[in-house]
Amino acid sequence: SFLSAASISAVTRVMIYGIVCIALLKLRKKNATQIGFFKIPYGKVFAVAGILITLWLLSNAKLKELRDIGIAVGVGLLIYVGMELGKRVKVK
């Protein structure tokens, strides 16, 4: 139904937001000496707060929604792997 699709979309967007917060922490650690880009004060605090909020929001998601997202991600990974394997096979 539309409501199921909307809630799955919302949960997926929250998960992506959490992934971005994790990537921010990782990239700040990896490129700590880099200069010449915009850097907000207390950026790590905001990233950790974003991760905690993401975890809180995901803990309130229904198991059915998380299961459906897992199935969708699994199907997407299978398609991706299939496409990558297809690129490696040389067609004559």
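Before reading on, note that the structure itself is shown above.
Quick caveat: nothing in here was measured; it's all calculated off a predicted structure.

Parameters and conventions
Residues numbered from 1 in each chain as written. Predicted model: local features only at pLDDT ≥ 70, side-chain atom pairs only at ≥ 80, totals over all residues. Heavy atoms only, no water. Salt bridge = Lys/Arg side-chain N within 4 Å of Asp/Glu carboxyl O. Helix = DSSP H or I, 4+ residues; strand = E, 2+ residues; numbered from the N terminus. Buried < 20%, exposed > 50% of the residue type's maximum accessible area, 1.4 Å probe, protein only. Contact = heavy atoms within 4.5 Å. Expected span 1.5 Å × (residues − 1). Arc of directions from axis to C-beta. Axes fitted to C-alpha atoms, helices over the stretch in contact; angles between N-to-C directions. Parallel < 35°, antiparallel > 145°, perpendicular 65-115°, else oblique. Nonpolar A, V, L, I, M, F, W, Y, C, P; charged D, E, K, R; others polar. Left-handed = near helix turned anticlockwise from the far one by under 90°.

Caption draft 1: Region of interest: the pattern of salt bridges. This model, assessed by the stated rule, comprises two salt bridges. In this structure, arginine 67 and aspartate 68 form a salt bridge, with 3.0 Å as the shortest nitrogen-oxygen distance. A salt bridge links glutamate 84 to lysine 87; its shortest N-O distance comes to 3.4 Å. Highlighted residues: glutamate 84 and lysine 87, both in helix H3 (residues 63-88), separated by three residues, approximately one helical turn. Using a relative accessible area of 24% as the deciding quantity, one classes glutamate 84 as partly exposed.

Caption draft 2: Main features of the side chain of threonine 54. Within the secondary structure layout, threonine 54 lies in helix H2 (residues 43-59). If we skip the residues at most four places from it in the chain, threonine 54 touches Val14, Tyr17 and Gly18.

Caption draft 3: A look at H2. With 17 residues, H2 ought to run about 24 Å at 1.5 Å a step, and its terminal C-alpha atoms sit 24 Å apart, in line with that. Burial in H2 covers these residues: Gly43, Ala47, Gly50, Ile51 and Thr54. Projected down its long axis, H2 shows its buried positions confined to an angular sector of 100°, all on one face. Facing away from the buried side of H2 by more than 90 degrees, the exposed set consists of Val45, Leu52, Leu55, Trp56 and Ser59. Summarising the contacts, the buried residues of H2 are in contact with helix H1 (2-30).

Caption draft 4: Geometry of the packing of H1 against H3. Two elements in contact, H1 and H3, have axes whose closest approach is 10 Å; the angle formed by their N-to-C orientations is 75°. Here H1 lies roughly perpendicular to H3, going by the angle between them. Contacts from Ser4, Ser7, Ile8, Val11, Thr12 and Met15 in H1 reach Lys64, Glu65, Leu66, Asp68 and Ile69 in H3. Along the lines of polarity and charge, the residues of the contact of H1 with H3 split into five nonpolar, three polar and three charged.

Caption draft 5: Examining the packing of H1 against H2 more closely. H2 packs onto H1 with a crossing angle of 150° between their chain directions and a minimal axis gap of 9 Å. With respect to H2, the element H1 is oriented roughly antiparallel. Considering how the two elements wind past one another, H1 and H2 form a crossing that is left-handed. Contacts between H1 and H2 involve Val11, Val14, Met15, Tyr17, Gly18, Cys21, Ile22, Leu24, Leu25 and Arg28 on the former and, on the latter, Gly43, Lys44, Ala47, Val48, Gly50, Ile51, Thr54, Leu57 and Leu58.

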